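Take a look at the letters that make up each chain.
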Amino acid sequence: MFSIEHEFDSTVITLVDDGSTPLQEDVIINAFSECFTIEQFDARTDTVMRITLSPEQVRDLAAALNLPEGVYQLPAEGAATRG
């Protein structure tokens, strides 16, 4: 299950683990014009862990989810080429 909310300066996507146990904490993705942040609460350390990705890294991640094993480079526009 997931939700999408549009804030003033970002889009917030929350991914809820509704699979079988053990369940993971919610993942919150903030999409800003200059970067994307991914956050998840870590119960072991009682802190929120955050990583920041550039728009290019998110583009590469989206492409990688649908490609076989290998090393790729995406051109500015177009399909992935094997490197």
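Check the entry above for the structure.
*Asks:* Whenever I open this one, the pattern of salt bridges confuses me. Can you help?
*Replies:* When the charged atoms of two side chains lie near each other, side chains of opposite charge can form a pair. Scanning all chains against the criterion turns up 3 salt bridges. The closest approach of N and O atoms between Glu39 and Arg50, which form a salt bridge, is 2.8 Å. Here Glu39 is found in strand 4 (residues 36-42), whereas its partner Arg50 is found in strand 5 (residues 47-53), with 11 residues between them in sequence. Judged by its relative accessible area of 16%, Glu39 falls in the buried class.

*Asks:* For this particular structure, what's the right way to read the sheet that holds strand 5?
*Replies:* Adjacent strands of a sheet pair through backbone hydrogen bonds, lying either parallel or antiparallel. Strand order in the open sheet formed by 5 strands is 1-2-3-4-5, and the pairing between neighbours is antiparallel. Two strands in the sheet have a free side with no partner beyond their single neighbour: strand 1 (2-6) and strand 5. Sheet twist, expressed as the mean angle between neighbouring strand axes with direction ignored, is 15°. Here strand 3 (residues 27-31) pairs with strand 4 via 5 bridges, running antiparallel. The partner of Asn30 across the bridge, within strand 4, is Thr37. Running at roughly 90° to strand 5, helix 1 (residues 55-64) makes contact with strand 4 and strand 5 of the sheet.

Scoring rules and cut-offs
Residues numbered from 1 in each chain as written. Predicted model: local features only at pLDDT ≥ 70, side-chain atom pairs only at ≥ 80, totals over all residues. Heavy atoms only, no water. Salt bridge = Lys/Arg side-chain N within 4 Å of Asp/Glu carboxyl O. Helix = DSSP H or I, 4+ residues; strand = E, 2+ residues; numbered from the N terminus. Buried < 20%, exposed > 50% of the residue type's maximum accessible area, 1.4 Å probe, protein only. Pairing = 2+ DSSP bridges. Axes fitted to C-alpha atoms, helices over the stretch in contact; angles between N-to-C directions. Contact = heavy atoms within 4.5 Å.

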